[in-house]
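# Descriptive structure summary
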Amino acid sequence: MPATTKTNFQLFTNGILNENPIFRLALSMCPAVGISTTVMNGIMLGIAVLFVQVFSSCTISLIKNYIHPRIRIPTYTLTIATWVTVIDLVLAAFLPAAYKEMGIFVKLIVAFAIITMRLEIFACKNSVTSSFWDGVGMGLGFMFGMMAIGFVRELLGMGTILGHDVLGFRPLLFFVLPAAGFFCVGIMMAMFNYVELVYNRKKRAEKR
Amino acid sequence: MTVSVSPHVKSGQSVEKIMWTVVACLLPPLILSIFIFGIQTLIISIISVASCAAVEAISQKLLHRPVTIKDGSAVITGLLMAYVIPPGVPYWIPILGAVMAIYVAKHLLGGIGFNIFNPALIGRAFLMATFPVAMTSAWLPPIRDGAIFRYMGPAVDAVTTATPLYILKHYGPSALMEKFGSMPAIYGDFLVGWRPGCIGETSAILILLGGLYLIYRRYITWHIPVSVIVTVALLTWAFGGKTLFTGNPLLAVLSGGLMLGAFFMATDYVTSPSQATAKLIFGAGVGALTVLIRLKGGYPEGVCYAILLMNPVVPALEEWFRPRRFAPQKGAQQ
Amino acid sequence: MKEIIRITLGLTVSCLIAALVMGSVFIVTDKAKRHNEHVNVQNAMLGLLGYTEAHPAPSDLRLYTVYRYIIEDGDVRTLGYMVPVTGNEAVRYQLVVMDLDGQFVDRFKLDITPEKAQEAVERASALKAVLKPPRTFVYSDSTIIARLGKKRLAYLLPGKFPGFKTFIQVILAIDPSFEIIGLEIMEHEEDPGLGAEIKQDYFKNQFKGKSFEKIKNINVTKEPLPKEYKRYLEAGKGDGTPLPKGVVDTIRSKYQDRDIYALTGATISSKAVTDGVKNIIKKFAYRMNRLDSLISEQHIPVAF
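This report concerns the structure included in the present document. (Residues numbered from 1 in each chain as written. Chains lettered and ligands numbered in written order. Predicted model: local features only at pLDDT ≥ 70, side-chain atom pairs only at ≥ 80, totals over all residues. Heavy atoms only, no water.)

Residues and elements named next belong to chain C. On the basis of which strands lie adjacent, the open sheet formed by 8 strands has the order β4-β3-β2-β1-β5-β6-β7-β8 and antiparallel pairing. Each of the sheet's edge strands pairs with one partner strand only, and the pair in question is β4 (104–109) and β8 (180–187). Taken over all neighbouring pairs, the strand axes of this sheet differ in orientation by 25 degrees on average, direction set aside. Bridge count for strand β3 (residues 91–99) against β4 is 5 bridges, and the pairing is antiparallel. What sits directly across from V96, in β4, is R107. Helix-sheet contacts for helix α3 (residues 120–130) involve β1 (61–73), β2 (76–86), β3, β4 and β5 (136–148), and the interaxial angle to β5 is about 115 degrees. Across the sheet, helix α8 (residues 267–298) touches β1, β2, β3, β4, β5, β6 (151–162), β7 (167–174) and β8, and the angle it forms with β6 is around 135 degrees. (Pairing = 2+ DSSP bridges. Helix = DSSP H or I, 4+ residues; strand = E, 2+ residues; numbered from the N terminus. Axes fitted to C-alpha atoms, helices over the stretch in contact; angles between N-to-C directions. Contact = heavy atoms within 4.5 Å.)

This part is about the interface of chain A and chain C. Taken residue by residue, the interface counts 22 residues in chain A and 22 residues in chain C. Summing both partners gives a buried area of about 1,900 Å² for chain A against chain C, and 75% of it is carried by carbon and sulfur. Looking only at chain A, the three residues that lose the most surface to chain C are H68, I71 and L89 of chain A, adding up to 26% of its buried area. The interface formed by chain A and chain C contains 1 salt bridge. Residue assignment for the side of chain A that touches chain C shows that the elements contributing at least two residues are α4 (72–94) and α5 (96–108) of chain A. The biggest single contributor to the side of chain A that touches chain C is α4 of chain A, with 11 residues. (Buried area = accessible area lost by both parts, 1.4 Å probe. Salt bridge = Lys/Arg side-chain N within 4 Å of Asp/Glu carboxyl O.)

Looking now at the environment of Q118 of chain C. All names here are of chain C. Tracing the backbone through its elements, the reader meets Q118 in the loop between α2 (114–117) and α3. Judged by its relative accessible area of 45%, Q118 falls in the partly exposed class. Spatially, the C-alpha atoms of Q118 and K230 are 39 Å apart, while their sequence positions differ by 112 residues. (Buried < 20%, exposed > 50% of the residue type's maximum accessible area, 1.4 Å probe, protein only.)

Residues and elements named next belong to chain A. Look at helix α8 (residues 178–207): 44 Å from first C-alpha to last across 30 residues, which is about the 44 Å you get at 1.5 Å a residue. All of the buried residues along α8 are A180, G181, C184, V185, M188 and F192. Along its buried surface, α8 packs onto α2 (29–34) and α7 (128–158). (Expected span 1.5 Å × (residues − 1).)

Residues and elements named next belong to chain B. Where helix α8 (residues 173–180) contacts helix α9 (residues 183–192), the axes come no closer than 9 Å and their chain directions differ by 70 degrees. On the basis of their axis angle, the class for α8 and α9 is roughly perpendicular. The segment α8 lies against α9, with L176, M177 and F180 engaging M183, A185 and I186. A breakdown of the residues in the contact of α8 with α9 according to their chemical character gives 6 nonpolar, no polar and no charged. (Parallel < 35°, antiparallel > 145°, perpendicular 65-115°, else oblique. Nonpolar A, V, L, I, M, F, W, Y, C, P; charged D, E, K, R; others polar.)

This next bit is on the packing of aromatic side chains. Remark: the centre distance and the inter-plane angle together describe each pair of aromatic rings, the angle taken between the planes. Under the defined criterion, the tally for this structure stands at 27 aromatic pairs over all chains. Taking the centre distance of 5.2 Å and the plane angle of 75 degrees together, the rings of W92 of chain B and F131 of chain B count as edge-to-face. Of the two residues, W92 of chain B sits in the loop between α3 (73–83) and α4 (93–108) while F131 of chain B sits in the loop between α5 (119–130) and α6 (132–137), which places them 39 residues apart along the sequence. Grouped by ring-pair contacts, the aromatic residues F9, F12, F132 and W133 of chain A constitute a single cluster. The ring of Y67 of chain C carries the charged tip of R123 of chain C above its face, separated from the ring centre by 4.0 Å. (Phe/Tyr/Trp six-rings, centres within 6.5 Å; stacked < 30°, edge-to-face > 60°. Lys NZ or Arg CZ within 6 Å of the ring centre and 35° of its normal.)

Attention now goes to the side chain of T130 of chain B. Tracing the backbone shows T130 of chain B in helix α5. T130 of chain B gets classed as buried once you look at its relative accessible area, which sits at 4%. A distance of 2.6 Å separates the side chain of T130 of chain B from the backbone oxygen of F126 of chain B, its partner in a polar contact. Setting aside residues up to four positions removed in sequence, T130 of chain B forms contacts with P171, L172, L173 and F174 of chain A. (Polar contact = N/O pair within 3.5 Å; in protein donor to acceptor, adjacent residues only side chain to side chain.)

Read these as layout, nothing more, since geometry by itself doesn't imply function.
Shown next as structure tokens:
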């Protein structure tokens, strides 16, 4: 892939809609299924991913000319691990209140496919500014996906939104369980694909 | 070998006939359950069947597939799902189960003839996960004086009881005898069906007769039921007691949903293997997992999950035990 | 060959840089991080004793930690308790060794302050100074003893036991007669919405006020949690009108000797917590009684 021709704003929206990490790229499905039980979890993990993605993307695009192509994946992993450790330690030391909520999420990130993939297909070929905006878009797209799944699961599973009781009862406990994560992701992916299908059909009809 | 009824050789006529025969064989336990648990078992079953049929029609319309309610497979799913839920549940529970069973488990995960999991059991597993309270506490004590309208109305909560397997698991055999009388009386009651349990699973004898008729008509073969029951009996005998080889195999076979599972659920054409050896292995797997869940798992009964866990193994079993048609010696016999 | 050297060099350099970055961040943050963790546990403990920010602990509240070690000398196994002792000026630790029947074996002075004793490494080196090889020792557990003025207020027991999925970590507060003051769930991985409800007030507060006699054979019941009891248990949350004082007392005495009401759909998690708490208290009561009688028999001037 040659260096991108997209504007910064396009890169930003690209991560949220066209190439949404969860629903379109189908990357990082483990967290999408595993810990998307509440909207709050989605927001927390989203913020964590956003930071790690942006920092790692910028780092890699800064040093892209010095990375030997044979060892690029180890370098990416190393970069991500370093940033995760640094963020984890800094949070634990200086923002204990935030760490109490986010600590477990930050540690999870090391193994996320989405970050490595963005480094591999984007950051190592593009400028720092583009990589920054791509990282922001991807992070927000991931957060949006997690929140959407979390919204459905929290509402249907516990009858609450962000911990506030909105329904007054718990409709379907099933949605709290891990199996429902697959279920929700599958249904939402289908919806995304359906929208794309309709959109493309419309576009083709217009062309004609 | 008996007549092999794999999905790919179905023709419309025979499928319909088989399916409606299975429905007929399933009806006696339902009729008896009206006298055991009251008239609401009939209502739950009718709601379950009706919603399964409705969901089948709607989802086939939605998915642009031909509507095939008439073949009776949705009716069987509805009946079986009703049979494995407790008799005291609210009436809306089977409707939600039907959506999960037919739309998700049957049509989204493969479609007719290709679904991986037994739809009725997926429905039940979904209900178990979603409404654990209703699904694990709505057991009713059997009616012994013929008052079949007793459990209609709002006072059901007050009379719930525990299933024999639950008592056995958490309080031991002596508590079971205390509650249900002497051992011979327990065997008798369990055989006929007068015990707490799911709607259609209690009457071992009627299920056995229905299953035997299906085997006689060659709609199912003996392999799966026999291997399930023998495995459960053997393993319970070996590991079910306080020391090795002191378990009670007869009680294990008669209690829970084992009979219903062995004859009517594990033998589902689409989700069980079609070769004799594969069937035996499938049945043994179901039996072993059942005993494992019953003795060591968190739930008192494991037939449902055992079958669901063995379902995805079926394609592999089919592959391993595929008749080798082109082999020079063995192929000629087949 | 040149290629391989370049790759090796590249990897080594990037690893070194990463290590440098992580190491320096670690050095900068380590102290603050450990301080925060310590504060976290401390706050949970104070919370269990009923002290919050609005209602802070009195200045004469002291928390002393007793560490228990298992000492092996060949085949002979003894128990070593590191107990804080009031000396001439400051609190110092002593190691009291007893055999498995609770009989006194030996007593050593340890050169370690209570602050330093919080570090496992410091404790090990202090113990090594008095326990010469071939004697070996293994850390077993610790107990925090809260003292208010001259009165022993409570024992705080950090504990860990298997739940439905992984281990559940708790801190349990019990008074000197081994009656439960409170239970706090520190870490767990139970299913959210089901087993995770063990963290909720209406479950964990059920343990409050259970006597030692009751705890010894406590069980879970699958009966639904009565509405009035739930309201009573959640009284600390502050929503809804508070129950009148008389009602609180009647509800407390009514349910004091009941079993623990299991969480709906999470009987196993409920049972795990109940059994875990039961085990912790039973074992602790046995050990504490022995240690106390040994301390008074040997006239050890313990700080707690």
